[in-house]
Amino acid sequence: MPNLFHALAPRSDLPCVLVVSAYELADVALTVAPQFQGRAQILIERGNLDRGVELVKKAVAAQGVEVVVSAGSNASYLRSRINVPLVAVRVGGFDIMAALATARAAQGDIALVFFREIPDDVARFLRNYDLPVQLHAYASEAHAHALVEQLAASGVTAIVGPGVAVRAAHNRGLRGVLLYSRDSIAAAIEDALQLVLAQRAERSERERLAAVLRHLDSGVVATDAQGHILAANPAADTLTGVALTAAVGQPLQQWLPALDPHSVHHPEGATRVARVQEWAQRKVLVHGQPIMEAGRPNGAVFTLERSSTVEQAFRKLRAHERERSQPARYTLAHVVQASAQMKAVVRRCETVAALTEAPVLITGATGVGKELIAQGIHSASRRRGQRFVAVNCGALR
(Lines give C-alpha, C1' and ligand atoms only; values in the text may rest on other atoms or scores of the structure.)
Protein backbone atom coordinates (compact mmCIF):
# COMPACT_ATOMS: atom_id res chain seq x y z
CA MET A 1 0.00 0.00 0.00
CA PRO A 2 1.45 3.42 -0.85
CA ASN A 3 2.62 5.67 1.97
CA LEU A 4 0.24 8.46 1.00
CA PHE A 5 -3.17 8.13 -0.60
CA HIS A 6 -6.45 10.01 -0.80
CA ALA A 7 -9.27 8.62 1.30
CA LEU A 8 -11.60 11.02 -0.55
CA ALA A 9 -11.35 12.55 -4.00
CA PRO A 10 -9.26 15.74 -3.74
CA ARG A 11 -10.85 19.19 -3.93
CA SER A 12 -8.60 22.18 -3.57
CA ASP A 13 -11.21 24.32 -1.79
CA LEU A 14 -11.84 21.83 1.05
CA PRO A 15 -9.82 21.76 4.29
CA CYS A 16 -7.02 19.21 3.93
CA VAL A 17 -6.60 16.83 6.90
CA LEU A 18 -3.79 14.28 7.06
CA VAL A 19 -4.10 11.17 9.28
CA VAL A 20 -0.69 9.74 10.20
CA SER A 21 -0.14 6.19 11.45
CA ALA A 22 1.99 3.21 10.51
CA TYR A 23 -0.45 0.87 12.21
CA GLU A 24 -4.14 -0.08 12.49
CA LEU A 25 -5.31 3.48 13.15
CA ALA A 26 -4.79 4.23 9.45
CA ASP A 27 -7.14 1.38 8.50
CA VAL A 28 -9.84 2.61 10.85
CA ALA A 29 -9.42 6.19 9.61
CA LEU A 30 -9.98 4.97 6.08
CA THR A 31 -13.40 3.61 7.08
CA VAL A 32 -14.26 6.87 8.88
CA ALA A 33 -13.23 9.23 6.08
CA PRO A 34 -16.39 8.87 3.90
CA GLN A 35 -18.52 10.59 6.55
CA PHE A 36 -16.55 13.80 5.80
CA GLN A 37 -17.39 13.67 2.09
CA GLY A 38 -17.89 17.20 0.80
CA ARG A 39 -16.54 18.78 4.01
CA ALA A 40 -12.87 17.83 4.02
CA GLN A 41 -10.14 16.26 1.94
CA ILE A 42 -8.82 13.33 4.02
CA LEU A 43 -5.35 11.95 3.34
CA ILE A 44 -3.91 8.85 5.01
CA GLU A 45 -0.19 8.47 5.58
CA ARG A 46 1.38 5.18 6.62
CA GLY A 47 4.56 5.99 8.47
CA ASN A 48 5.82 6.96 11.89
CA LEU A 49 8.60 8.81 13.66
CA ASP A 50 11.29 10.16 11.28
CA ARG A 51 9.69 8.59 8.21
CA GLY A 52 6.39 10.13 9.28
CA VAL A 53 7.98 13.58 9.66
CA GLU A 54 9.45 13.34 6.16
CA LEU A 55 6.17 12.32 4.57
CA VAL A 56 4.18 14.94 6.49
CA LYS A 57 6.48 17.69 5.22
CA LYS A 58 6.13 16.42 1.66
CA ALA A 59 2.35 16.26 1.98
CA VAL A 60 2.23 19.82 3.33
CA ALA A 61 4.28 21.07 0.40
CA ALA A 62 2.61 19.02 -2.34
CA GLN A 63 -0.97 18.55 -1.10
CA GLY A 64 -1.53 21.69 0.96
CA VAL A 65 -2.14 19.78 4.20
CA GLU A 66 -3.41 22.16 6.90
CA VAL A 67 -3.60 19.91 9.96
CA VAL A 68 -2.39 16.46 11.02
CA VAL A 69 -4.21 13.79 13.07
CA SER A 70 -2.22 11.13 14.87
CA ALA A 71 -2.10 9.24 18.17
CA GLY A 72 0.16 7.90 20.87
CA SER A 73 3.95 8.06 20.53
CA ASN A 74 3.68 9.04 16.88
CA ALA A 75 1.63 12.13 17.75
CA SER A 76 4.08 13.09 20.49
CA TYR A 77 7.05 12.68 18.15
CA LEU A 78 5.51 14.56 15.24
CA ARG A 79 4.13 17.52 17.21
CA SER A 80 7.47 19.25 17.76
CA ARG A 81 8.86 18.38 14.33
CA ILE A 82 6.24 19.62 11.87
CA ASN A 83 5.09 23.16 11.08
CA VAL A 84 1.32 22.53 10.95
CA PRO A 85 -1.08 21.94 13.86
CA LEU A 86 -1.53 18.40 15.13
CA VAL A 87 -4.65 16.94 16.77
CA ALA A 88 -4.11 13.81 18.89
CA VAL A 89 -6.78 11.12 19.02
CA ARG A 90 -8.15 11.01 22.57
CA VAL A 91 -9.15 7.83 24.37
CA GLY A 92 -12.52 7.83 26.15
CA GLY A 93 -14.13 5.45 28.58
CA PHE A 94 -16.28 3.96 25.83
CA ASP A 95 -13.14 3.17 23.79
CA ILE A 96 -11.59 1.28 26.69
CA MET A 97 -14.72 -0.68 27.55
CA ALA A 98 -15.38 -1.64 23.92
CA ALA A 99 -11.75 -2.72 23.40
CA LEU A 100 -11.71 -4.77 26.62
CA ALA A 101 -14.95 -6.47 25.61
CA THR A 102 -13.38 -7.49 22.31
CA ALA A 103 -10.18 -8.69 24.03
CA ARG A 104 -12.17 -10.95 26.40
CA ALA A 105 -12.84 -13.26 23.46
CA ALA A 106 -9.29 -14.53 23.94
CA GLN A 107 -8.67 -17.03 26.73
CA GLY A 108 -6.17 -15.79 29.30
CA ASP A 109 -5.03 -12.54 30.86
CA ILE A 110 -5.54 -9.12 29.29
CA ALA A 111 -3.08 -6.22 29.41
CA LEU A 112 -4.06 -2.61 28.77
CA VAL A 113 -1.06 -0.50 27.70
CA PHE A 114 -0.65 3.24 27.16
CA PHE A 115 2.03 5.53 25.82
CA ARG A 116 4.13 7.18 28.55
CA GLU A 117 1.69 7.04 31.46
CA ILE A 118 -1.43 5.30 32.69
CA PRO A 119 -4.35 7.73 33.03
CA ASP A 120 -5.47 8.05 36.66
CA ASP A 121 -9.16 7.76 35.78
CA VAL A 122 -8.52 4.49 33.93
CA ALA A 123 -6.64 2.96 36.86
CA ARG A 124 -9.37 4.11 39.27
CA PHE A 125 -12.10 2.71 37.04
CA LEU A 126 -10.48 -0.74 36.83
CA ARG A 127 -9.93 -0.83 40.60
CA ASN A 128 -13.49 0.23 41.40
CA TYR A 129 -14.96 -2.50 39.22
CA ASP A 130 -12.29 -5.07 40.13
CA LEU A 131 -11.56 -5.86 36.49
CA PRO A 132 -8.75 -8.41 36.02
CA VAL A 133 -6.72 -6.28 33.62
CA GLN A 134 -3.00 -5.53 33.84
CA LEU A 135 -1.97 -1.89 33.30
CA HIS A 136 1.34 -0.93 31.70
CA ALA A 137 2.97 2.01 29.93
CA TYR A 138 5.76 2.21 27.38
CA ALA A 139 8.11 5.09 26.55
CA SER A 140 9.19 4.27 22.99
CA GLU A 141 8.55 1.89 20.11
CA ALA A 142 11.42 -0.35 21.19
CA HIS A 143 10.09 -0.34 24.73
CA ALA A 144 6.64 -1.33 23.44
CA HIS A 145 8.07 -4.42 21.70
CA ALA A 146 10.06 -5.38 24.80
CA LEU A 147 6.97 -4.92 26.99
CA VAL A 148 4.90 -7.18 24.75
CA GLU A 149 7.58 -9.87 24.96
CA GLN A 150 7.53 -9.58 28.73
CA LEU A 151 3.73 -9.78 28.87
CA ALA A 152 3.63 -12.79 26.55
CA ALA A 153 6.14 -14.58 28.75
CA SER A 154 3.96 -13.88 31.81
CA GLY A 155 0.93 -15.52 30.21
CA VAL A 156 -0.94 -12.53 28.79
CA THR A 157 -2.88 -13.57 25.67
CA ALA A 158 -4.54 -10.28 24.63
CA ILE A 159 -3.19 -6.75 24.56
CA VAL A 160 -5.27 -3.59 24.22
CA GLY A 161 -3.37 -0.46 23.28
CA PRO A 162 -2.15 1.92 20.57
CA GLY A 163 -1.14 0.67 17.14
CA VAL A 164 2.50 -0.06 17.95
CA ALA A 165 1.49 -2.36 20.83
CA VAL A 166 -1.17 -4.06 18.72
CA ARG A 167 1.32 -4.73 15.92
CA ALA A 168 3.85 -6.12 18.39
CA ALA A 169 1.14 -8.36 19.87
CA HIS A 170 0.25 -9.72 16.44
CA ASN A 171 3.90 -10.39 15.67
CA ARG A 172 4.18 -12.33 18.94
CA GLY A 173 1.05 -14.39 18.17
CA LEU A 174 -1.13 -12.61 20.72
CA ARG A 175 -4.53 -11.03 20.22
CA GLY A 176 -4.14 -7.27 19.71
CA VAL A 177 -7.06 -4.83 20.01
CA LEU A 178 -6.71 -1.21 18.96
CA LEU A 179 -7.49 1.19 21.79
CA TYR A 180 -8.95 3.87 19.49
CA SER A 181 -12.52 3.42 18.28
CA ARG A 182 -14.06 4.72 15.05
CA ASP A 183 -15.88 7.37 17.08
CA SER A 184 -12.73 8.68 18.73
CA ILE A 185 -10.91 8.86 15.39
CA ALA A 186 -13.91 10.59 13.79
CA ALA A 187 -14.00 13.06 16.71
CA ALA A 188 -10.30 13.85 16.21
CA ILE A 189 -10.83 14.46 12.48
CA GLU A 190 -13.81 16.70 13.30
CA ASP A 191 -11.67 18.68 15.76
CA ALA A 192 -8.99 19.02 13.10
CA LEU A 193 -11.56 20.20 10.56
CA GLN A 194 -12.94 22.83 12.94
CA LEU A 195 -9.40 23.99 13.70
CA VAL A 196 -8.71 24.52 9.99
CA LEU A 197 -11.97 26.41 9.50
CA ALA A 198 -11.14 28.67 12.47
CA GLN A 199 -7.66 29.31 11.10
CA ARG A 200 -9.06 30.14 7.67
CA ALA A 201 -11.55 32.59 9.17
CA GLU A 202 -8.83 34.25 11.23
CA ARG A 203 -6.53 34.46 8.20
CA SER A 204 -9.31 35.96 6.10
CA GLU A 205 -10.01 38.56 8.80
CA ARG A 206 -6.31 39.47 8.95
CA GLU A 207 -6.17 39.82 5.17
CA ARG A 208 -9.21 42.10 5.14
CA LEU A 209 -7.70 44.23 7.88
CA ALA A 210 -4.37 44.39 6.05
CA ALA A 211 -6.15 45.50 2.86
CA VAL A 212 -7.91 48.30 4.76
CA LEU A 213 -4.67 49.42 6.41
CA ARG A 214 -2.81 49.44 3.09
CA HIS A 215 -5.30 51.89 1.60
CA LEU A 216 -5.26 54.34 4.52
CA ASP A 217 -3.38 57.61 4.10
CA SER A 218 -2.96 57.75 7.88
CA GLY A 219 -0.26 55.70 9.51
CA VAL A 220 -1.45 52.92 11.84
CA VAL A 221 0.64 50.84 14.24
CA ALA A 222 -0.91 48.27 16.59
CA THR A 223 0.85 46.40 19.40
CA ASP A 224 -0.01 43.56 21.75
CA ALA A 225 -0.03 43.71 25.55
CA GLN A 226 3.75 43.18 25.61
CA GLY A 227 4.41 46.07 23.23
CA HIS A 228 5.26 43.90 20.21
CA ILE A 229 4.10 45.08 16.80
CA LEU A 230 0.94 43.28 15.64
CA ALA A 231 0.35 45.27 12.46
CA ALA A 232 1.53 48.36 10.64
CA ASN A 233 0.70 49.89 7.27
CA PRO A 234 2.88 51.41 4.53
CA ALA A 235 1.78 54.92 5.52
CA ALA A 236 3.35 54.36 8.97
CA ASP A 237 6.60 53.32 7.26
CA THR A 238 6.58 56.51 5.20
CA LEU A 239 5.76 58.88 8.07
CA THR A 240 8.32 57.42 10.48
CA GLY A 241 11.06 56.48 8.03
CA VAL A 242 11.14 53.01 9.65
CA ALA A 243 10.10 49.73 7.99
CA LEU A 244 7.53 48.86 10.65
CA THR A 245 5.64 46.53 8.30
CA ALA A 246 8.74 44.32 8.23
CA ALA A 247 9.14 44.45 12.02
CA VAL A 248 5.91 42.66 12.98
CA GLY A 249 6.49 40.61 16.12
CA GLN A 250 9.29 42.85 17.39
CA PRO A 251 9.11 45.42 20.23
CA LEU A 252 7.81 48.76 18.93
CA GLN A 253 10.17 50.77 21.14
CA GLN A 254 13.12 48.99 19.58
CA TRP A 255 12.28 50.90 16.40
CA LEU A 256 10.44 53.96 17.72
CA PRO A 257 11.53 54.73 21.30
CA ALA A 258 9.20 57.76 21.40
CA LEU A 259 6.12 55.51 21.21
CA ASP A 260 5.48 53.70 24.47
CA PRO A 261 2.56 51.25 24.10
CA HIS A 262 2.35 50.74 27.86
CA SER A 263 1.76 54.44 28.53
CA VAL A 264 -1.62 54.40 26.77
CA HIS A 265 -2.87 51.55 28.97
CA HIS A 266 -3.54 54.16 31.65
CA PRO A 267 -6.27 56.80 31.27
CA GLU A 268 -3.79 59.67 31.62
CA GLY A 269 -1.56 58.15 28.94
CA ALA A 270 -4.18 58.00 26.17
CA THR A 271 -3.66 60.99 23.87
CA ARG A 272 -7.07 62.26 22.83
CA VAL A 273 -5.32 65.44 21.68
CA ALA A 274 -2.51 64.60 19.29
CA ARG A 275 1.07 65.26 20.27
CA VAL A 276 3.67 66.27 17.73
CA GLN A 277 6.57 63.93 17.00
CA GLU A 278 9.31 64.44 14.45
CA TRP A 279 10.63 61.56 12.36
CA ALA A 280 12.61 61.63 9.14
CA GLN A 281 12.44 65.45 9.19
CA ARG A 282 8.63 65.28 9.21
CA LYS A 283 6.33 66.66 11.87
CA VAL A 284 3.77 63.96 12.66
CA LEU A 285 0.67 64.15 14.84
CA VAL A 286 0.39 61.01 17.02
CA HIS A 287 -2.75 59.68 18.74
CA GLY A 288 -2.47 56.69 21.07
CA GLN A 289 -5.34 54.62 22.45
CA PRO A 290 -5.50 51.28 24.30
CA ILE A 291 -6.98 48.20 22.66
CA MET A 292 -9.62 46.98 25.09
CA GLU A 293 -10.77 43.37 25.44
CA ALA A 294 -13.34 42.39 28.08
CA GLY A 295 -12.86 45.79 29.71
CA ARG A 296 -9.09 45.40 30.09
CA PRO A 297 -6.24 46.86 28.00
CA ASN A 298 -4.68 44.23 25.76
CA GLY A 299 -2.50 46.32 23.47
CA ALA A 300 -2.31 49.76 21.91
CA VAL A 301 -2.97 51.43 18.59
CA PHE A 302 -1.26 54.57 17.32
CA THR A 303 -2.52 56.69 14.44
CA LEU A 304 -0.08 58.98 12.66
CA GLU A 305 -0.93 62.05 10.57
CA ARG A 306 1.44 64.36 8.73
CA SER A 307 0.95 67.81 10.31
CA SER A 308 0.74 69.48 6.89
CA THR A 309 -2.12 67.15 5.96
CA VAL A 310 -4.05 68.13 9.08
CA GLU A 311 -3.43 71.82 8.42
CA GLN A 312 -4.63 71.46 4.84
CA ALA A 313 -7.77 69.63 5.99
CA PHE A 314 -8.44 72.38 8.54
CA ARG A 315 -8.14 75.06 5.88
CA LYS A 316 -10.54 73.17 3.62
CA LEU A 317 -13.00 72.86 6.50
CA ARG A 318 -12.88 76.58 7.21
CA ALA A 319 -13.35 77.35 3.51
CA HIS A 320 -16.30 74.98 3.41
CA GLU A 321 -17.88 76.69 6.42
CA ARG A 322 -17.42 80.08 4.79
CA GLU A 323 -19.11 78.82 1.63
CA ARG A 324 -22.07 77.55 3.65
CA SER A 325 -22.50 80.80 5.57
CA GLN A 326 -25.23 83.21 4.44
CA PRO A 327 -25.15 87.02 4.14
CA ALA A 328 -27.13 88.98 6.69
CA ARG A 329 -30.73 89.35 5.53
CA TYR A 330 -31.81 92.00 8.01
CA THR A 331 -30.76 95.55 8.93
CA LEU A 332 -31.51 97.63 12.00
CA ALA A 333 -34.31 99.21 10.03
CA HIS A 334 -36.16 95.91 10.23
CA VAL A 335 -36.33 96.21 14.02
CA VAL A 336 -39.76 97.37 15.22
CA GLN A 337 -39.16 100.49 17.31
CA ALA A 338 -42.60 101.11 18.80
CA SER A 339 -41.23 101.91 22.25
CA ALA A 340 -38.64 104.36 23.50
CA GLN A 341 -36.64 101.44 24.89
CA MET A 342 -36.34 99.75 21.48
CA LYS A 343 -35.41 103.06 19.84
CA ALA A 344 -32.61 103.44 22.39
CA VAL A 345 -31.43 99.87 21.67
CA VAL A 346 -31.27 100.52 17.91
CA ARG A 347 -29.33 103.81 18.40
CA ARG A 348 -26.85 101.99 20.64
CA CYS A 349 -26.42 99.25 18.00
CA GLU A 350 -25.79 101.85 15.29
CA THR A 351 -23.10 103.48 17.45
CA VAL A 352 -21.39 100.13 18.19
CA ALA A 353 -21.46 99.11 14.51
CA ALA A 354 -19.97 102.40 13.34
CA LEU A 355 -17.24 102.93 15.96
CA THR A 356 -15.88 99.53 16.98
CA GLU A 357 -15.13 95.99 15.83
CA ALA A 358 -15.15 94.62 19.35
CA PRO A 359 -17.26 91.52 20.07
CA VAL A 360 -20.81 92.29 21.14
CA LEU A 361 -22.67 90.08 23.63
CA ILE A 362 -26.42 90.05 23.02
CA THR A 363 -28.56 88.49 25.74
CA GLY A 364 -32.28 87.98 26.08
CA ALA A 365 -34.98 85.37 26.35
CA THR A 366 -35.71 82.98 23.50
CA GLY A 367 -37.67 84.63 20.68
CA VAL A 368 -36.98 88.31 21.48
CA GLY A 369 -34.93 88.79 18.29
CA LYS A 370 -31.27 88.40 19.30
CA GLU A 371 -30.21 87.18 15.84
CA LEU A 372 -32.16 90.07 14.21
CA ILE A 373 -30.15 92.57 16.29
CA ALA A 374 -26.90 90.69 15.46
CA GLN A 375 -27.63 90.80 11.72
CA GLY A 376 -28.56 94.49 12.01
CA ILE A 377 -25.22 95.31 13.69
CA HIS A 378 -23.38 93.33 10.99
CA SER A 379 -25.24 95.12 8.19
CA ALA A 380 -24.41 98.53 9.74
CA SER A 381 -20.73 97.72 10.25
CA ARG A 382 -17.76 98.00 7.94
CA ARG A 383 -17.93 94.19 7.52
CA ARG A 384 -21.32 94.38 5.84
CA GLY A 385 -19.80 93.01 2.60
CA GLN A 386 -18.59 89.84 4.33
CA ARG A 387 -20.68 86.80 5.15
CA PHE A 388 -22.65 86.57 8.37
CA VAL A 389 -22.09 83.41 10.44
CA ALA A 390 -24.69 82.77 13.17
CA VAL A 391 -23.54 80.72 16.17
CA ASN A 392 -26.10 79.40 18.63
CA CYS A 393 -24.21 79.81 21.89
CA GLY A 394 -26.92 78.02 23.82
CA ALA A 395 -26.11 74.82 21.90
CA LEU A 396 -22.42 74.94 22.79
CA ARG A 397 -21.09 72.54 25.42
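Residues numbered from 1 in each chain as written. Predicted model: local features only at pLDDT ≥ 70, side-chain atom pairs only at ≥ 80, totals over all residues. Heavy atoms only, no water.

### Side note on the overall build of the protein
In terms of regular secondary structure, the protein is built from 13 helices and 14 strands. The contacts in the protein between residues at least 6 apart in sequence include a share of 56% that link residues at least 24 apart. Accessible area of the protein: about 22,600 Å², with a carbon and sulfur share of 53%. (Helix = DSSP H or I, 4+ residues; strand = E, 2+ residues; numbered from the N terminus. Contact = heavy atoms within 4.5 Å. Areas by Shrake-Rupley, 256 points an atom, 1.4 Å probe, with all protein chains shown as cover.)

### Looking at the packing of helix H6 (residues 141–153) against helix H7 (residues 163–171)
Relative orientation and spacing of two packed helices are given, respectively, by the angle between their axes and the distance between those axes. At a minimum axis separation of 9 Å, H6 and H7 run at an interaxial angle of 40°. Accordingly, the angle class assigned to the pair H6 and H7 is oblique. The two elements H6 and H7 meet at a crossing, and its hand is right-handed. Contacts between H6 and H7 involve Glu141, Ala144, His145 and Val148 on the former and, on the latter, Val164, Ala165, Ala168 and Ala169. (Axes fitted to C-alpha atoms, helices over the stretch in contact; angles between N-to-C directions. Parallel < 35°, antiparallel > 145°, perpendicular 65-115°, else oblique. Left-handed = near helix turned anticlockwise from the far one by under 90°.)

### What to know about the nonpolar core
Ranked by internal contacts, the top residues of the largest apolar core, which has 27 residues, are Val19, Ile42, Val69, Val89, Ile185 and Ile189. Going through the elements one at a time, strand E2 (16–20), helix H1 (24–32), strand E3 (41–45), strand E4 (67–70) and helix H8 (182–214) are the ones with two or more residues in this core. With seven residues, the top contributor of residues to this core is H8. In contact with isoleucine 185, not counting residues within four places along its chain, are Leu25, Val28, Ala29, Val89 and Tyr180. (Core = buried A, V, L, I, M, F, W, Y, C linked by side-chain atoms within 4.5 Å. Buried < 20%, exposed > 50% of the residue type's maximum accessible area, 1.4 Å probe, protein only.)

### Quick notes on the packing of aromatic side chains
As enumerated under the stated definition, the model contains two aromatic pairs in all. With a centroid separation of 5.7 Å and an interplanar angle of 55°, the aromatic rings of phenylalanine 115 and tyrosine 138 are classed as tilted. One end of the pair, phenylalanine 115, is in strand E6 (residues 109–115); the other, tyrosine 138, is in strand E7 (residues 133–138), and 23 residues separate them in sequence. Per residue, the accessibility class of phenylalanine 115 equals that of tyrosine 138, and both read buried. Its guanidinium or amino end placed over the ring of tyrosine 77, arginine 81 lies 3.7 Å from that ring's centre, counting from NZ or CZ. (Phe/Tyr/Trp six-rings, centres within 6.5 Å; stacked < 30°, edge-to-face > 60°. Lys NZ or Arg CZ within 6 Å of the ring centre and 35° of its normal.)

### Brief notes about the sheet that holds strand E13 (residues 282–293)
Read from one edge to the other, the open sheet built from five strands follows the order E11-E10-E14-E13-E12, with strand pairing classed as antiparallel. Both outer strands of the open sheet, strand E11 (229–232) and strand E12 (275–279), are each paired with one neighbouring strand and no more. On average, each strand axis in the sheet is tilted by 30° relative to the strand beside it, whichever way the strands run. One ladder, built from three bridges, connects strand E10 (residues 219–224) with E11; its direction is antiparallel. By the bridge assignment for E11, alanine 222 is matched with alanine 231. (Pairing = 2+ DSSP bridges.)

### Quick notes on the sheet that holds E6
The sheet built from four strands is open, its strands ordered E7-E6-E8-E9 with parallel pairing. Looking at strand neighbours, the two that pair on one side only are E7 and strand E9 (175–178), the edges of this open sheet. Neighbour to neighbour, the strand axes of the sheet diverge by 25° on average, direction disregarded. For E6 and strand E8 (residues 156–161), the ladder comprises four bridges, and the chain directions are parallel. Within E8, the residue paired with aspartate 109 across the bridge is valine 156. Helix H5 (residues 120–128) contacts E6 and E7 of the sheet and is inclined by roughly 165° relative to E7. Of the strands in this sheet, E6, E7 and E8 touch H6, which is tilted by about 155° from E7.

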